[in-house]
Amino acid sequence: MKNIKLEKLSGNTNEWEQFLSQIDNSTLFNSSLWGKIINQIFNISNEVIIFHNNGIILAGAIIYYKKRYFIKTITKPPLTLYNGLLFNLPENQKNQKNIEIKHEISNNFINYLSKEYKFINFTTTIDFFDTRPFLWNKWIVLPQYTYILNLEDEKNIWNGFSSSLRRKINNCLSYSPVISKNDNVEKLIDLHFESYSRNKIKPILDYDTFTNFVKLALENNICDIYSISIDNEIHSMRALLKWKDIIYDWIAGTATKYRNYNSTHLLLWELFKKYSNDNKRLFDFMGANTKSISDFKRLFGGELKEYYDLKYYSSNLFKSVEKISNFIKIRSRLKG
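> Break down the pairing of strand E13 (residues 303-313) for me, citing the residues and quoting the values.
Sheet analysis places strand E6 (residues 119-123) next to E13, joined by five bridges and oriented antiparallel. The partner of Phe122 across the bridge, within E13, is Leu310. Relative to E13, strand E7 (residues 140-150) is paired through nine bridges, and the arrangement is antiparallel. Each bridged residue has a counterpart across the sheet, and for Tyr147 the counterpart in E13 is Leu304.

Here you go:
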């Protein structure tokens, strides 16, 4: 397609947000607000790249970048997904034409990034089904998974639960639990760290950074925190992100001594009902790539969705350096 131009939006957030509002699969993590939060907490910069034709934006992406060893790299910020290309092509256009345009834009995007950055890593949106341009350009493409639960019908949500999950929920109800909104961020992070400690793994962030991250999300009114208590003791807490009609399951933690009460299961059910009544449409479990975590999330009957982790290395040397760096990070998170 002729006259498709690449442009970087410098500080023009209104144009980008208008584009996001027109797309069903845009996410919080594509937004300028999330970019500001990431920059404030992690000092990771971002830029918006758009592709337009005669002033109409056909596609775009927000990318997060920083310098590592004096080299510009594109990185995945902690607890952030889905910051790949978004498309807004004419619905009345033939499918083969749309594929052609998507490939052209993807190739232009790839060429621009590979010239500017020595290492690139980001994840696509959930419905980004065609990664062939990245494969053809020798990128590493890894499938990732999450569960998406439709919140529009409370009865259908309950019927979609496994029978074992319904038993656990009913069992927890017998203890007369109390579910409430709870903005005690420190308690949430304490429980989150305790949950990781059970598996002898350090959380992805240090305590202070985690706390500041959640507090900033609360201040910007994109986060809710809920707790479930029995006999005035908090058993479990959950922080959720909200944007448009989507809820993202963000951070959670459960007290070890109360795990057998199945409080986490009931808390999620109550949250599904709450957000369903608030006219939220989807609940994104934010990943199902670790077996034990995936097994838990599968109980709730959501639809398994695929997205992709994309990586590019400018040289084998940098690839080796990155592998060593990741190995060190993983080792540092393992306890014992």
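> Hey, could you go over helix H8 (residues 207-219) for me, with residue numbers and the actual values?
Taking 1.5 Å of rise per residue, 13 residues should cover 18 Å, and H8 covers 18 Å from first to last C-alpha, within 8% of that figure. Burial in H8 covers these residues: Thr209, Phe210, Thr211, Phe213, Val214, Leu216 and Ala217. Close packing links the buried residues of H8 with helix H2 (32-42), helix H7 (185-198), strand E9 (223-230), strand E10 (233-243) and strand E11 (246-254). Regarding H8, its N-cap is Asp206, as a side-chain oxygen of that residue lies 3.2 Å from the backbone nitrogen of Asp208 further along. Two residues or fewer past H8, Asn221 is found with a positive phi of approximately 60°.

> Could you give an account of the environment of Thr131, with specific residues and numbers?
Along the polypeptide, Thr131 turns up in the loop between E6 and helix H4 (132-136). Remark: the alpha-carbon pair of Thr131 and Ser163, spanning 32 residues in sequence, is separated by 37 Å.

> Can you break down the pairing of E6 residue by residue, with the values?
The buried count for E6 comes to five of five residues, which makes it a mostly enclosed element. Neither face of E6 is open: one carries Phe119, Asn121 and Thr123, the other Ile120 and Phe122, and all of them are buried. With two bridges joining them, strand E4 (residues 71-74) and E6 adopt parallel strand pairing. Bridge assignment links Ile74 to a residue of E6, and that residue is Ile120.

> I'd love a proper account of the confidence of the model for the protein, names of residues and values included.
Predicted coordinates in areas of low pLDDT are best not read in detail. Residues of the protein with pLDDT of at least 70 account for 92%, and the chain-wide mean is 91. Of all secondary-structure elements in the protein, the lowest mean pLDDT belongs to helix H11 (residues 316-333), at 60, while E9 reaches the highest, 98.

What counts and how
- Residues numbered from 1 in each chain as written.
- Predicted model: local features only at pLDDT ≥ 70, side-chain atom pairs only at ≥ 80, totals over all residues.
- Heavy atoms only, no water.
- Pairing = 2+ DSSP bridges.
- Helix = DSSP H or I, 4+ residues; strand = E, 2+ residues; numbered from the N terminus.
- Expected span 1.5 Å × (residues − 1).
- Buried < 20%, exposed > 50% of the residue type's maximum accessible area, 1.4 Å probe, protein only.
- Contact = heavy atoms within 4.5 Å.
- Polar contact = N/O pair within 3.5 Å; in protein donor to acceptor, adjacent residues only side chain to side chain.
- pLDDT = per-residue confidence, 0-100.

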